[in-house]
Amino acid sequence: MTLELDQVTIRYGAHMALREVHLKIQPGEVTAILGPNGSGKSTCLKALSGELRPGDGRVLLDGMDLAGLAPEALATRRAVMPQRDELAFAFRVEEVIGLGLFGRSRLCGNGREAVLDAASRADVAGYLDRNVLTLSGGERQRVAFARALVQLEAARRTPGKAAYLLLDEPTSSLDLAHVAILLHEARRLVDGGVGVACVLHDLTLAARFADRAALFRRGELIAHAPVREALTETKLTTLYDIPVRAGALAGEAVIYPSHQRGRGALARAAE
Amino acid sequence: MLRGFITRRVLARVLLPVALCTALGLAPTTALTQGAPDRIVTAGGDVTEIVHALGMAGSLVGVDTTSYYPDAVRDLPQIGYMRSLSAEGILALKPDLLIGSINAGPPPVLAQLRGAGVRVETLPDAEDLDGIAAKIAAVGALLGRNAEADAVVATIRARMAQVDKALDRFSHHPRLAFLLDLREGVVLMAGRKTAADGIFRMIRADNVFHDTHEGYKAISAEGMLATAPDAIILMSSRLEALGGLAALQANPVLSRLPAVIEGRVLGMDGILLLGFGPRTPAAAEELARFAYGPDFAQEQP
Amino acid sequence: MTPAAMRWTWWQGVETIGALPLGLLLLAVAMLGSLHVGAVPLDVFPALKQGLASLLAGDRMTGEPYVLYQIRLPRVLFGALVGAALGASGAALQALFRNPLADPVLIGISGGATLGAVAAIVLGGILIHLSPFWMAWTVPATAFIGALAATLIIVQVGARRGGLDVTVVLLAGIAMNSIVMAGIGILTYVADDQQLRGLTFWTMGSLALADWTVLPVLALVITLPLLLLLTRAEALDRYLLGEAAAMHVGVDVPRLKWAVVLAVALAVGAAVSFSGAIGFVGLVVPHLVRLVFGVRNRVVLPGSMLLGALVMLGADAVGRILASPAEIPVGLVLGTVGGPFFFYLVIRQRGRAS
């Protein structure tokens, strides 16, 4: 039971965004998707969610090709938290979160309960009556997260089938406290059997929070391994093309770019 | 009181005019068994004038926006523009008969009126004296005023004959142009198949745009210069709205025309000039006097 | 259930069950009120009874019942249908374009309808004057074809791998309106005086063509797409999250877009073809509904239908009262009020954070 990319290639015109990528997301663990800008991280996530159709290869959910699945069926198996939302109308926060509900659950108390529950988990319970357009970027991200949680609730009730949560840079606008809250929630879901794939920029966060890491470079998946193996200084230095140092702080891994200015392999070899 | 008076006169004249109309082939297809109409609504300024000329203006209960002659009809209830009449508005006036010019409409409204039991008749179009005579005779038949209609037609023909006689003295034909409107730098001139063209022909003048187009079309400055009319005619209301002769002289399309420079421009009342009704001979006279100059004088009868 | 949950459910219940009958009641009252307005003085209820009696006895109606049943009643139903069609189409297009300033005129549907009608009036020539029957049907039919053609062209141009590119559609709408303007300009140039006057009447927007031969067809052609839109209300809400996000939440986006575009083309084409170009209802009515009831399409769509119908009836009543016994075309009344209101909306929109 996995969500996987099977030899997927995606092109934007002449540009190869993903090159024959083979990646499996397992339920019950967090896979961090890492890499420099333009390496195909977002494209990978979009392929996993079904938003982009591969030019070559297939995206499989439990062995079934996503292309053959209706959007509604797919929505019962996975939820997505996009980087940005495009809302231009003055919905109330509670209504936006409620959009993650399916069918009749909207109208009866269960739906309302689910919305309240998700809202408190994402720490937006105090904003339920607010006009979503008046919220800050971080607050809107938390609302989007709450909506994904609500959608997952319905998904998780399907017995025997794992659900997946896809997060695209979920912490980009969040302050420290909310980063912690969000990751804690994601971890809770994972413990309940959900498979999480998460695009991240913060390597320390990835080391702390993820189980596995998928490293992308120029559209290719160059490494997919448990975090301890994937996030080494050597691998990361090659990946980001600048010296990366990994250390420990109070027993926890800390990863950061070193103070030396990036010079590229040739310059470093000359030193 | 008044109604009884009219009814008596109508009944007295029913038989002879019906026979005449039948002979002329202008009899209405339905018999006048419902009696003369008491309450008449007219759609079209020319229709109103004809009703007035036949002495039935007292039976008018409503007129359209193009009816403003004689002055008294301006006080009558308005039924709207003759091409976009309102069914209920007309029904509120409880008419027996609606007489419309050929342009009266829209057709669904006329159908609704017929359905409500109102008699609706439209008159044929007129482009010359015979056409006017036919219109007047048709109204006369509808109102049971055939003798009056004949009298009016006779008067018109006589007057027009005088005009024709006066015109016989001239061998040349004045070259005229009718300006409908001036907007956004565009000049709309009447070609053939317009009322203006018709009245020009009645006074044996040439419409300089007769061969160039039908209806009203925009003409360029060069086009105007090429035709070089002797004089320009417009509706007086439009001339006034545009700002008078000065405005025409300032307009780039018209400013180089000799007719405009020398002020040979005439504004005439719209319905009078173009209505093709009882006053048309008077309009022809006025127009001819302007077009032919002071030499145009009619012999006194 | 927590108290908060219970409170919410009650309002939800009112929303889904209570508001609709209430709205319909309001509409019925408005229609009844409209029946009282007109140049002919008549008592509505006695006339209604009389007319019904005539109908059942198979007699021809005359007098007041005639005016009520043959002139006012079709007009009132007509007005409600056209108003509902325009209101709902505006709301649906605003959701489809995710822009509160979208309306049928913007993407060229109304323009296509107008061009079709103008073509019929000018080129139809003899056909139109053959009989009133032809006049009543030729123009609406060609206007309808024009609306559909415009929509299909725009959808084709804006089509992109299974969906619609909103920006391209908006641009295509601008292009379509330019073509329509040019086409109307050419036809106007070619038209003779009589045809020109006919055009002016038609383009002002009026309910005068309402009668029982036309009404059943109009009712069918408007009701079907409106019902379709109502079933899509929830999906449209999700669509407002963004195309990708909507797909994530289970919306079949390409299908939704097609359904909305075709429904709107049908409804607007029908409305414009029988009543001429009437503006502002599609733009203004959804705004008003959102101001009071919030932005969820489950409320905005039916609300726009009801309010659109009410606005149309009100404007028509005003047009019939002010110039009695003549009447001001409803399009003119709406334009006079709608123009300044539109300005106000634009100014308000300017200050928004989004």
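Here, the structure is the one placed above.
Here the structure is a predicted model, which is why all the values come from computation and not from measurement. (Residues numbered from 1 in each chain as written. Chains lettered and ligands numbered in written order. Predicted model: local features only at pLDDT ≥ 70, side-chain atom pairs only at ≥ 80, totals over all residues. Heavy atoms only, no water.)

Draft legend 1. Quick look at a nonpolar patch on the surface. Residues and elements named next belong to chain C. On the surface, L52, L55 and L56 cluster together into a nonpolar patch covering about 340 Å² of accessible area. Locating L56 in the fold gives a position in helix α2 (residues 44–57). Since its relative accessible area comes to 72%, L56 is described here as exposed. (Patch = residues over 30% accessible without salt bridge, like charges linked within 9 Å, V, L, I, M, F, W, Y side chains within 5 Å. Areas by Shrake-Rupley, 256 points an atom, 1.4 Å probe, with all protein chains shown as cover. Salt bridge = Lys/Arg side-chain N within 4 Å of Asp/Glu carboxyl O. Helix = DSSP H or I, 4+ residues; strand = E, 2+ residues; numbered from the N terminus. Buried < 20%, exposed > 50% of the residue type's maximum accessible area, 1.4 Å probe, protein only.)

Draft legend 2. Geometry of the packing of aromatic side chains. Residue and element names in this part refer to chain B. In total, this model carries one aromatic pair over all chains according to the counting rule given. Judged by centre distance (4.6 Å) and plane angle (40°), the ring pair of F170 and Y292 falls under tilted. One end of the pair, F170, is in the loop between α7 (146–168) and β5 (175–183); the other, Y292, is in helix α14 (residues 280–292), with 122 residues separating them in the sequence. Comparing F170 with Y292 shows no difference in burial state: the two are buried. (Phe/Tyr/Trp six-rings, centres within 6.5 Å; stacked < 30°, edge-to-face > 60°.)

Draft legend 3. Just the nonpolar core, in detail. In terms of nonpolar packing, the biggest core is built from 145 residues, with L34, I97, L165 and L231 of chain A together with F78 and M312 of chain C touching the most fellow members. Apart from residues no more than four positions distant in its own chain, L34 of chain A is found in contact with K41, L200, L203, A206, A213, A214, L215, F216, L231 and Y240 of chain A. (Core = buried A, V, L, I, M, F, W, Y, C linked by side-chain atoms within 4.5 Å. Contact = heavy atoms within 4.5 Å.)

Draft legend 4. Region of interest: the interface of chain C and chain B. At the junction of the two partners, chain C supplies 26 residues and chain B supplies 25 residues. For the pair chain C and chain B, the summed buried surface comes to about 2200 Å²; carbon and sulfur atoms form 61% of the total. There are one salt bridge connecting chain C and chain B. E88 of chain B is the partner of R72 of chain C in a salt bridge, and the nearest nitrogen-oxygen pair spans 2.6 Å. Run the count over chain C and chain B and you get five residue pairs in polar contact (both at pLDDT 80 or more). Elements represented by at least two residues in the side of chain C that touches chain B include exactly α3 (63–96), α6 (132–158), α7 (166–190) and α8 (193–203) of chain C. The element best represented in the side of chain C that touches chain B is α3 of chain C, accounting for five residues. Split by residue class, the side of chain C that touches chain B holds 16 nonpolar, three polar and seven charged. (Buried area = accessible area lost by both parts, 1.4 Å probe. Polar contact = N/O pair within 3.5 Å; in protein donor to acceptor, adjacent residues only side chain to side chain. Nonpolar A, V, L, I, M, F, W, Y, C, P; charged D, E, K, R; others polar.)

Draft legend 5. Quick peek at the sheet that holds strand β10 (residues 220–226) of chain A. All names here are of chain A. Taken in spatial order, the six strands of this open sheet run β6-β7-β8-β3-β9-β10, and their pairing is mixed. Only two strands of the sheet have a single neighbouring strand rather than two, namely β6 (78–81) and β10. The mean angle between the axes of side-by-side strands here comes to 15°, regardless of whether they run parallel or antiparallel. The pairing of β6 with strand β7 (residues 164–168) spans four bridges and is parallel. By the bridge assignment, R78 is partnered in β7 with Y164. Across the sheet, helix α5 (residues 137–156) lies against β6 and β7, angled at about 180° from β6, the strand it touches most. Relative to strand β9 (residues 212–217), helix α9 (residues 233–240) is tilted by about 30°, and along the sheet it contacts β3 (30–34), β9 and β10. (Pairing = 2+ DSSP bridges. Axes fitted to C-alpha atoms, helices over the stretch in contact; angles between N-to-C directions.)

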